[in-house]
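Residue-level structural notes
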Amino acid sequence: MSRAHPIPVRQSLGPGRLQATSCAQLCSVLLDNDWTDTILGDAFAQGMHALEAALNAHFPHNIYGDLDHLATSLLTEARQHANPVDHLQQSLAITQELLKLYGRHSPIHFRYAHDFLYGFDWARWVRKSPQQRRQTGPFSRPFMEYLRQRGIELLSLIEIDDPTYPRLPHNRDRNPFSFSRSPDDETRLHVSLAADGLIPIEAWRADSPTRCDRDYSALRQQRARHLQSDHA
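Please read these numbers as outputs of a predicted model, since none were measured by experiment.

**Some thoughts on helix α1 (residues 23-30)**
- By the burial criterion, the buried members of α1 are Cys23, Leu26, Cys27 and Leu30. Within α1, the buried residues cover an arc of 100° as seen down the axis, which keeps them to one side. Exposed and facing more than 90 degrees away from the buried side of α1 are Ala24, Ser28 and Val29.
- Those residues of α1 that are buried are in contact with α2 (39-58) and α3 (68-79).

**Side note on the nonpolar core**
- The biggest cluster of nonpolar side chains holds 63 residues, and the ones touching the most others in it are Phe44, Leu88, Tyr102 and Tyr118.
- Broken down by element, this core gets its largest block of residues, 8 residues, from helix α4 (residues 84-102).
- Excluding residues within four positions of it along the chain, Phe44 makes contact with Cys27, Leu30, Leu31, Ala71, Leu75 and Leu88.

**Focus: the confidence of the model for the protein**
- Mean pLDDT for the protein: 92, with 94% of residues reaching 70 or above.
- Considering each helix and strand of the protein separately, the mean pLDDT is smallest for α1, with a value of 88, and largest for helix α5 (residues 114-117), with 98.

Reading the values: the criteria
Residues numbered from 1 in each chain as written. Predicted model: local features only at pLDDT ≥ 70, side-chain atom pairs only at ≥ 80, totals over all residues. Heavy atoms only, no water. Buried < 20%, exposed > 50% of the residue type's maximum accessible area, 1.4 Å probe, protein only. Helix = DSSP H or I, 4+ residues; strand = E, 2+ residues; numbered from the N terminus. Arc of directions from axis to C-beta. Contact = heavy atoms within 4.5 Å. Core = buried A, V, L, I, M, F, W, Y, C linked by side-chain atoms within 4.5 Å. pLDDT = per-residue confidence, 0-100.

Here's what the structure looks like:
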């Protein structure tokens, strides 16, 4: 009988932390005694473990795996709806779909899910229309629906071999940025950003503020250039 491969414990980007909070720990913390035996609690636990497996399947080289804020956001939003179980299951399903849409088995083929998990994608989206979007959370349904539609658009561009989003050689990671995203560079860059509070979402914190007050994408590019010059 074949055995499932264990899901690796990923690093945390939180300063002073080594490992990301496991799904078992998240469930223990977020599902208090009033919820652990309910259908919602079961749906949350099963869905988070499935999400963790999807992250491993579609982003196996993802360095950081902080899911604290994502899990808290999905559960909090679900509890505000008339049918929390249904809403939670749909949100978890969309999140898994996004990982598949943008990950290694897709023509999009990004190496990391960091831009999603730590809010760079969301902050960039909000800044394009701040008055209408600033109240929309990074893991809320409207933003995830946008990411799904954007992924479909990218697939169409890749299909016609668009200059900005061309077809990739087999097993080549896509990097639309001007800076290196090799594992060493990715680690160095994001550790530096986290240490200076330049991450839109401190995803290792359940109560992290969501920040879109600055151009975090531009700040990341500037920091990447600075670090590159230091190591030249």
